[in-house]
Amino acid sequence: MPLFRGSVCYYCGLSTAAEYESIAKDIVGLFTQTFKVDKYELNVDISMGISIYSGDELDPELFIKYAEIALFWAKKEGKNRYKFYSSDVSIQNYKQFELRNDLQKAVDNDQLRIYYQPLVNLKTNELLAVEALIRWEHPDWGIVSPNEFISLAEETGLIINSGNWLLREVCRNYRQWLNDGLPNIKVSVNFSSIQFLENNFVDNIKNTIDEFKLDPHFLIMEITESVIMNNTDKAISDIKRLQSFGIQVALDDFGTGYSSLSYLNSLSIDILKLDESFIKNIPFDDTSSAIVRAVVNLAKDLKIKLVAEGIENWEQLTYLNELNINAGQGYLFSKPLPLEDFVKILVKGKCKPRLVNNAAVMPRKNKRKFFRIKFIQQLEADITILKIRDKKINVGNTKVLINNMGPGGLCFISNIKLPVEKEIILQFITRLMEEEIKVCGYVVWTEEIGHNLHKYGVEFAMDENEREDIIRTLNQVQINMRNRILFAKGSFVSCSPARFFKSLINRKASS
């Protein structure tokens, strides 16, 4: 980790990153050959993270942290790689690094939580079962979903501890429900392929269930194809042992893998969960509708129960009812809920569909002190994180779309999950009225709008002089909007948010 003082390295006199890159290449080159130790030939791989500091004052903690971030991404790229830390590392990449480092604390510091999503009879609204979903309540990043940290837990081996914690808490909650006289519905729990590598995997599950004096029939084990693909013989043996105790097996994300039909032949699958990627486009997309109809007929012929995932609107529900799919889950009925909120549904025994067609909307009760201009087209902007709890952060910019703006704040759309947290200060940079606009603020509300997109409300953190400048600019914006000449004077985009962020992902993948 070389250290600059001014423009020249304090230790070795090098002055440019290119010179350090040349050294890094030479070091990697040393490990492309085989090392001989006695009669053995050894292949050794290397990963390097390099941080170059060029500021006037050195913060040793940040300096080392940036090198660790670079090392993390070098490892992600494969063997014999090196990466330099750059201030243009994205917010999402920075967040992933932070989550990876803090994951051990999640278990040790009791930061894991269980959220429950109802599974209902689509015709009667009767509560059939519930899926237990793990969440991480991170002190800085708020509630973190499994999509963001499960792969990190698998990579670090912490999936074993978190999986054991989840099953134990499910059993504890279920025992309490029975003691309180609540309905004895089934509970589904997701299991990772890594967990099946444990020698005593089945015994641990059975012992945990027995500890709480529960009948194993209450449990549904959700697996994906990767469970079987990674360790076929042991996985099939373990699954059959668990089924012998009365535990049902559900194949999750059905239709998205490569060999689902062969596993239906080798395993006695009890439940197929039809992936939400097919549900979201019905009934208007012919291909998705044809696939859903085919799976319905397949499940019927094989006498396997079928569950539709990701039901979000009434059109989808009506189509699924026409196909006689009896069970499903999704935001139309309920998003995943904390324990205390789910118990209210469990007491009723029913979960009716909501009278709205979109995802859950968070009410915003605070009245605005200032006017707000809603743009006809979305305004493209760059955001970065300046501070987290008075700790300065050095990350690059990430693209977002601003929906509206006023002197007091703005509303933006992003594909990054951010917490409602006043201690995280964001900076927004965009162009409006042919001028660069730079404002800072913090998230005060959030709303999930589907397809991995989130809408955020931001309250500005600025002095009155800065606010007056914003007011002058926004007054000009209003005049131009009335004259329909605004869009040539700002970083506006004409495509939908979904298409905008999809193009960003495709651009990143091809670069």
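Residues numbered from 1 in each chain as written. Predicted model: local features only at pLDDT ≥ 70, side-chain atom pairs only at ≥ 80, totals over all residues. Heavy atoms only, no water.

Let us look at the overall build of the chain. Counting secondary structure elements, the chain contains 15 helices and 24 strands. Split into buried and exposed, the 511 residues of the chain put 49% on the buried side. Considering only contacts in the chain between residues 6 or more positions apart, those separated by 24 or more positions represent 66%. Roughly 26400 Å² of accessible area belongs to the chain as shown, and the carbon and sulfur atoms make up 48% of that amount. (Helix = DSSP H or I, 4+ residues; strand = E, 2+ residues; numbered from the N terminus. Buried < 20%, exposed > 50% of the residue type's maximum accessible area, 1.4 Å probe, protein only. Contact = heavy atoms within 4.5 Å. Areas by Shrake-Rupley, 256 points an atom, 1.4 Å probe, with all protein chains shown as cover.)

Considering soluble globular proteins, one finds that nonpolar side chains tend to be buried as a cluster. Ranked by size, the top nonpolar core spans 123 residues in total, and within it Val-292 and Phe-412 carry the most contacts. Apart from residues lying up to four places away in sequence, Val-292 is in contact with Leu-274, Phe-278, Ile-279, Ile-282, Leu-320, Leu-323 and Ile-325. (Core = buried A, V, L, I, M, F, W, Y, C linked by side-chain atoms within 4.5 Å.)

Next up on the list: the packing of aromatic side chains. Applying the stated criterion to the full structure yields 13 aromatic pairs. Ring plane angle 85° and centroid distance 5.8 Å describe the contact between Phe-191 and Phe-201, whose orientation is recorded as edge-to-face. Taken as a pair, Phe-191 in the loop between strand S10 (186-190) and helix H6 (201-211) and Phe-201 in helix H6 lie far apart in primary sequence, 10 residues in all. Take Phe-191: its relative accessible area is 7%, and that puts it in the buried class. Here Phe-201 falls in the buried class, since its relative accessible area comes to 2%. On the basis of an interplanar angle of 75° and a centroid distance of 5.5 Å, the ring pair of Phe-375 and Phe-492 is categorised as edge-to-face. Of this pair, Phe-375 sits in strand S17 (residues 373-388) while Phe-492 is found in strand S24 (residues 492-493), placing the two residues 117 residues apart along the sequence. (Phe/Tyr/Trp six-rings, centres within 6.5 Å; stacked < 30°, edge-to-face > 60°.)

For H6, the full list of buried residues reads Phe-201, Val-202, Ile-205, Thr-208 and Ile-209. Down the axis, H6 shows its buried residues gathered within 135° of arc, on one side only. A positive backbone phi angle near 55° is found at Lys-213, which sits one or two residues after H6. (Arc of directions from axis to C-beta.)

Moving on, we get to the pairing of strand S7 (residues 112-121). Look at any regular strand and the pattern is simple: side chains alternate between the two faces of the sheet. A large share of S7 lies buried, amounting to nine of its 10 residues. Sheet topology note: the S7/strand S8 (residues 127-138) ladder contains nine bridges and is antiparallel. Looking at S8, one finds that Ile-114 is bridged to Ile-134. Note: S7 against strand S16 (residues 337-338), two bridges, orientation antiparallel. Along S16, the bridge assignment pairs Tyr-115 with Pro-338. The pairing of S7 with strand S15 (residues 327-328) spans two bridges and is classified as antiparallel. (Pairing = 2+ DSSP bridges.)

Those residues of helix H13 (residues 339-348) lying buried are Phe-342, Ile-345 and Leu-346. The buried residues of H13 occupy one face: seen down the axis, they fall within an arc of 105°. Summarising the geometry of H13, the exposed residues directed more than 90 degrees from the buried face are Glu-340, Lys-344, Val-347 and Lys-348. Close packing links the buried residues of H13 with S7, S8, helix H5 (159-179) and S16. Downstream of H13 by one or two residues, Gly-349 has phi in the positive range, about 80°.

Now for the pattern of salt bridges. Per the counting criterion, the structure on display carries 18 salt bridges. A salt bridge links Arg-389 to Glu-421, with the shortest nitrogen-to-oxygen separation between them at 3.2 Å. Here the residue Arg-389 occupies a position in the loop between S17 and strand S18 (391-392), and Glu-421 occupies one in the loop between strand S20 (409-414) and strand S21 (424-432), the gap between them amounting to 32 residues. With relative accessibility at 39%, the residue Arg-389 sits in the partly exposed group. A salt bridge links Glu-464 to Arg-467, with the shortest nitrogen-to-oxygen separation between them at 3.5 Å. (Salt bridge = Lys/Arg side-chain N within 4 Å of Asp/Glu carboxyl O.)

Following the criterion strictly, the structure yields three cavities of 30 Å³ or more and no others. Empty space within the largest cavity amounts to approximately 60 Å³. The wall of the largest cavity is formed by Leu-119, Ala-129, Val-130, Glu-131, Ser-188, Ile-220, Glu-222, Ala-250, Ile-271, Lys-273 and Val-307. The set of elements that each furnish at least two residues to the lining of the largest cavity consists of S8, strand S11 (219-223) and strand S13 (271-274). Per-element accounting of the lining of the largest cavity gives the leading share, three residues, to S8. A breakdown of the residues in the lining of the largest cavity according to their chemical character gives seven nonpolar, one polar and three charged. (1 Å grid on protein atoms, 1.4 Å probe; cavity = no way out; pocket = protein on both sides within 12 Å on 5 of 7 lines; lining within 4 Å. Points joined across faces, edges and corners; volume = space filled by probe spheres on them. Nonpolar A, V, L, I, M, F, W, Y, C, P; charged D, E, K, R; others polar.)

A few words on the environment of Gly-441. On the secondary structure map, Gly-441 appears in strand S22 (residues 435-450). The exposure class of Gly-441 is buried, given its relative accessible area of 0%. Considered as a pair, Gly-441 and Phe-428 are 13 residues apart in the sequence and their alpha carbons are 8.3 Å apart. Among residues more than four places away in sequence, those in contact with Gly-441 are Ile-424, Ile-425, Leu-426, Val-458, Glu-459, Phe-460 and Ala-461.

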